Structures are given as structure tokens and as C-alpha cells.
Amino acid sequence: MSLARASLALLAAHAASAADQYMVTVGASMGLPGVERNFVGFSMEVPSARGFIGENGTDSGYAQLLKNLRAVSEAVGDEPTVLRIGGNSADDSCWGGGSPQCTYNITEADLAAYKAFTSTVEGFSVRFVLGVNFGLSTDPREFALKHVQAVGKAGIWGDVVTAIEIGNEQDLYASNGHRNASFTFEEFKEQYTNFANVLTAEGAVPSPKFIQGGTFCCPDDDWSAGLVDHVKALEASFVSFSLHDYPRSYCSKDPNQTILGDVCAYHPLYVPRSHSNHSYQYYANATDVPFVLGEGNSASCGGIPDVSDTFAAALWVMDYLPYLSKAGYHGMNFHGGASGGYTPVVIKDGLLSVQPLYYGLLGFAQLTANGATWLSSDVKPQVGDVRCDTGLDGGSVCCAASCGTCSGTGCDSRPGGGAACCSGDIEKANKSCSLYDPPCVMGPGDDFMLVVHAVKDTVKNEVRMVIISKFGDDVRTANICPSNTTTWSPSATASAFRITAQSQHSKFGDSLNYGGQTFDTSTNGVLQGTRLITTLNQDPATHCFSLDIGPMSAAVVAIPQ
């Protein structure tokens, strides 16, 4: 029996109890633009690029993996997949060698490989964003100008290279030695603007818009306060603007660090990320320049072993990317070398190992295919009151509504008495809000254990949603119901496409499953096995669809309208 059929048998054998029933309601449009069909891109360090695309730019396996994402998202030719070549190595690379300060020499062979790869990805388009050295000198004539001029001499502006980045994470220059310890945002702006002006004056770039701006890591008060004005000042030069984000860090190499707690419970690792002055969402919507998450992943410094390379990362990313898109971002580049914990694809000795994260990227691409638009959605248990909607939120407890005020002095004298109004009494009774109405005890993250993101696809005229179970045990049933604003034909049947693994700890080779298929046995980037889709019939009385979803798994559900 295949893993997919075994999983279905398990679901049938463990029908969800009443306490495990969830109501999923799809609402109105959120009024946001359609999701870019090339929303998912990739980022790699300068020395790693040819490890992915091949020494000569002819690695068909990596090209196939990009093609898979394109096919699932139904992207078209004018929406190229972005490959960003940069990171810290951009400020440690020089054109043609000759400088002892640089550890990597960029040559004509690199540019030729980039150009060749755009032909290797037959049937769709790829475009490169290249980082140039700003860390070692404020004068581009010392390092960067030759690099940028070489792009023009190779004839690859536009068709191969669409933008450059000037340095990487300049907000960290004061701490990493690229500038003095007192380096300020005002100094950065002056140096950056002069740098860009020299490149233009020297005729190194083909048009005024040639920069992907930013590449900031984590701007503090001074940097974030002036960010929007900086973007507006250089708007004529910016193709886009990049911020970086890693919800967790592994730079300390602490083996006890984990993101599993966020994947399996509590609030998702969400964006927009907040800083002292504004959130990333504010930046994304404050100017006419498209903002992208130009570099990111589950955890910085290579990812967390046994977390970033597990199926937990697939579940995480299917929840993370919708938040990013809804916040106004136009794409995200997943960073990683040809090896390492968080990279979506490992390539060693010419062999592909498709990591769990990639399965999650496919799930997001399938959800948002055809430039779908976001719909509002709601999910909550059909018993209990995990959000305290009918009671009074007292933090760790939910008091009865009759109390007027939850806990505090005199709580035992309010209507309902101490059992309904005093936190101590409610905690002593220990009735979980996931099973009982108020008064009850609110569990951490109960509201985020079953997650739904929904879209409308006007090309296929269907509603789709991804349903993610972060529960570590037992089957849950999602009852998917229409609303006043989103309905479907009474005769419609829905389909469910499951993304599963043996557990959240599963890695490459552990029977990872994408709709009945897997990359575990693939040597060329093509899914292996037979596609398996579950058909769902609606209840004729309620017009709801019921889907049993196993622990630590996800499903993309499509309902024709």
C-alpha cells in the first residue's frame, strides 16, 4: 500500500470526535491585488550560484524544480522567476581578481553561466539580480564598476540581469567592520546615492531604473525612521526595494533553538515584522516602489538543524507566505546554498535532494495559481470558545459574559460568582476553552492550531484554500461552509490535495508526500508516483464540505463556483 493510501486509511479509521470538529467559513474579498505568479524566488551566495545552475549554467535538474513551481502557479513568460545572487559574499567579491581583499573573483564564466541557464530553463523565463561590492569601498570605481560594466559587455542586461543590489545588509556595516562603529543612516544615504550616481554617470547601466534597493537586515530606530524618505528620494532608480527577514536565528549555534513550537502551536511566524517605528507592512505600502523580501528563510545562519530541514518547515512556509503577500509584499527569495539546513534544494555531486521546505513552496504556488486574490476566512472549533468570543477575555482565562468584568477585586460577588468570574476559581476547575464554553481556561495558541488561507481564482472560477493542521495528535475535521459573500453551486464537488509526511520531523527520504507523489526517489526534479486527489461531496442541507485532516499535515482544497 502506498503512503498516500495508507494515510487515507488512517483517516478513515480515526474519524474526528465532536470536540475535533472545526467550522471553516470563506468570506469576502480582502480587496488586495492578485498574488504574483512568480512570488517565490531564490537567493544564493555568489560562490554558490553555479553549484545550483551548473558550472556552465546547464543543470537541468535545478531548472526542472523551478519549472515545477512555475507549472503549479501557472505563471506566464512575463513573470520571470527571480534568482538573486548576493548576500554577505557580495561585499567580499570582486570582478576579475587582483585584490587580496576579496575572497571570490567574479569572471566572465559566471556571467556566461547565468546567460546559459536562461536557455536551460526552456519554456519559461528566469532573471537574475546581482549584488555588487559596496562593503569594501564607497567608490564603485574601485570594485563594483568593472562588475557592472562586464554585465553590459556580456549583453545580458534585461534578458538575463534585471537589477543590481548595492551591498548587503548595510545596516550591519557598523558592526561587521565594513564601516566604522559610528556609521549612521545619514552617512549611508550619502554614500549610497553617490555610488549609484557614479554608476549612472559612467554609463554602466542601461536605464535609470536598475537597482533593487535596500537589502537591510534589521533596521534600528534611526534607519527605519528614514527608510521611506530614502526610498522616495531614489524612486527613479529603484526597480524594487528589499528587506530581509528570518523569524529565528541560528547564529549562536545553540542546538536547543527551535521553530517547531511556532509551527506546531501558538501564533504563526508571521509578518509583517515590527520594528521600533513601523512594521514591514507599513514600508511595503508607503511608496510606489514594490517591496520584496529579498532574502529570508526559517532561521538565519544556515537554518536550525533538525528543524529547518524537516517537514515542520513545509507547514511553516505555507502559513508564512500568505501573511507576507497579504502585507503587501511582491515576492520572497528563499536563501540557501547548494547545501545546508534551510536550503529548499540540496545539490551534491550532481544529485538532487529536494528538502521538505520545497513541498511547502509547491503548496503555496498551487494555492495562489493564476494570480488568485485573497479572501477572508475564519476557522474555529464547533465546540468550546477558544477565542472567548462569547465571554470576557481575562488573559489566561475566559470569564462568563454575565460577570461584566473578568477577575479582579470583588469578582466573586458578580453575577455567576467566583466560578464564573474569578481567574483562580476558573483555573482550578481547569475546563479548557477548546472543549467548553465560558467560564473556561484559555490554552496558549489554541486559535492557531488549525490554519486556513483562502483565495478566489477567476481564471478557473473556483475558491481554493490551504488548511494546515499544527496538531501533533489525532485527526481533525474541517467543515468548509459558504457565507453570505462566498458561495458555490449546490451540485459542486470539491477536491482535496494532501501534503503529508510521517511526522513533522520527517526529512528528505522519509516518504514526504505531495498529492500522492514524492521527490524522495527523483534524480531529475520530476515528481515520482501517481497523483492522488480526494473528492469531497457537499452536504445537500448545509452545502458544507467535510475534510478529515491528519496531524501535522496540510491540504489544498478547490471548490468550483
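As shown above, the structure is provided for reference.
Because the structure is predicted, anything quoted here is derived from the model rather than measured. (Residues numbered from 1 in each chain as written. Predicted model: local features only at pLDDT ≥ 70, side-chain atom pairs only at ≥ 80, totals over all residues. Heavy atoms only, no water.)

J.: How should the packing of aromatic side chains be read in this particular structure?
T.: Remark: the centre distance and the inter-plane angle together describe each pair of aromatic rings, the angle taken between the planes. Following the criterion strictly, the structure yields 28 aromatic pairs and no others. On the numbers, 5.5 Å between centres and 85 degrees between planes, the contact of F216 with W223 is edge-to-face. In this pair, the class of F216 matches that of W223, namely buried. Ring centres 4.6 Å apart and planes at 65 degrees place the aromatic pair F497 and Y514 in the edge-to-face group. On the criterion of sequence distance, the pair formed by F497 in strand β23 (residues 493-500) and Y514 in strand β24 (residues 513-514) is long-range, its members being 17 residues apart. The ring of F183 carries R179 above its face, with NZ or CZ at 5.5 Å from the centroid. (Phe/Tyr/Trp six-rings, centres within 6.5 Å; stacked < 30°, edge-to-face > 60°. Buried < 20%, exposed > 50% of the residue type's maximum accessible area, 1.4 Å probe, protein only. Helix = DSSP H or I, 4+ residues; strand = E, 2+ residues; numbered from the N terminus. Lys NZ or Arg CZ within 6 Å of the ring centre and 35° of its normal.)

J.: Even after reading the chapter, I still don't get helix α3 (residues 60-73), so can you show me in this structure?
T.: Residue pairs three or four apart in sequence face the same way in an α-helix, which turns once every 3.6 residues. With 14 residues, α3 extends 20 Å between its outermost C-alpha atoms, agreeing within 8% with the 20 Å of an ideal straight helix rising 1.5 Å per residue. Residues of α3 that are buried include every one of G61, Y62, A63, L65, L66, N68, L69, R70 and S73, and no others. With a side-chain oxygen positioned 3.0 Å from the backbone nitrogen of G61, the residue opening α3 is D59. Within two residues after α3, E74 carries a phi angle of roughly 55 degrees, on the positive side. (Expected span 1.5 Å × (residues − 1). Polar contact = N/O pair within 3.5 Å; in protein donor to acceptor, adjacent residues only side chain to side chain.)

J.: What's the story with the pattern of salt bridges in this structure? I'm lost.
T.: Should the charged atoms of two oppositely charged side chains come close, the side chains can pair. As enumerated under the stated definition, the model contains 18 salt bridges in all. For R50, the salt bridge is made with D110, and the minimal N-O distance between the two is 3.2 Å. With R50 in helix α2 (residues 49-53) and D110 in helix α4 (residues 108-120), this residue pair connects regions lying 60 residues apart in the sequence. One salt bridge connects R464 with E462, and the closest N-O pair in it is separated by 2.8 Å. In this structure, R464 and E462 share a single accessibility class: buried. If you follow the salt bridges from partner to partner, you end up with D378, K380, R387 and D389 in one network. (Salt bridge = Lys/Arg side-chain N within 4 Å of Asp/Glu carboxyl O.)

J.: Just to check I follow, could you spell out the pairing of strand β2 (residues 40-45) for this structure?
T.: Regular strands have side chains that alternate between both faces of the sheet. Burial analysis of β2 places five of its six residues in the buried class, the great majority of the element. Here four bridges tie β2 to strand β13 (residues 332-335), and the two strands are oriented parallel to one another. In the sheet register, S43 faces β13, and the bridge partner there is H335. Direction of pairing for β2 relative to strand β3 (residues 81-86): parallel, over a ladder of four bridges. When the bridges of β3 are listed, M44 appears paired with I85. (Pairing = 2+ DSSP bridges.)

J.: Help me out: how do you make sense of the side chain of D457 in this one?
T.: Relative to the elements of secondary structure, D457 occurs in strand β20 (residues 450-457). From its side chain, D457 meets the backbone nitrogen of V459 in a polar contact 2.8 Å long. If near-sequence neighbours (up to four positions away) are discounted, D457 is found in contact with A369, N370, A372, E462 and R464. (Contact = heavy atoms within 4.5 Å.)

J.: Any chance you could explain the sheet that holds strand β19 (residues 440-441) here in plain terms?
T.: To summarise the sheet geometry, strands pair through backbone hydrogen bonds and adopt either a parallel or an antiparallel arrangement. An order of β17-β18-β19 is seen for the three strands of this open sheet, with the pairing classed as antiparallel. The sheet is open, and its two edges are formed by β17 (391-393) and β19, each paired on a single side. Where strand β18 (residues 397-400) lies against β19, two bridges are found, and the strand directions are antiparallel. Of the residues in β19, the one forming a bridge with C398 is C440.

J.: Is there a simple way to think about the packing of α3 against helix α13 (residues 356-367) in this case?
T.: In a pair of packed helices, the angle between the axes and the distance between the axes together describe the arrangement. Viewed as axis vectors pointing N to C, α3 and α13 meet at an angle of 25 degrees, and their least axial separation amounts to 7 Å. With respect to each other, α3 and α13 are oriented roughly parallel. The two elements α3 and α13 meet at a crossing, and its hand is right-handed. Residues L65, N68, L69, V72 and S73 of α3 pack against Y358, L361, L362, A365 and Q366 of α13. Class assignment for the residues of the contact of α3 with α13 results in seven nonpolar, three polar and no charged. (Axes fitted to C-alpha atoms, helices over the stretch in contact; angles between N-to-C directions. Parallel < 35°, antiparallel > 145°, perpendicular 65-115°, else oblique. Left-handed = near helix turned anticlockwise from the far one by under 90°. Nonpolar A, V, L, I, M, F, W, Y, C, P; charged D, E, K, R; others polar.)

J.: Looking at this model, I keep getting lost on the pairing of strand β6 (residues 126-132). Mind explaining?
T.: Among the seven residues in β6, six count as buried, and that is most of the element. One ladder, built from five bridges, connects β3 with β6; its direction is parallel. When the bridges of β6 are listed, T81 appears paired with V126. Of the pairings in the sheet, the one linking β6 to strand β7 (residues 161-166) comprises five bridges and is parallel in character. Across the sheet, residue L130 finds its bridge partner in β7, namely I164. Note that the unit made of β6, helix α5 (residues 144-153) and β7 has a crossover that is right-handed. (Right-handed = clockwise from strand over helix to strand, strands pointing away.)

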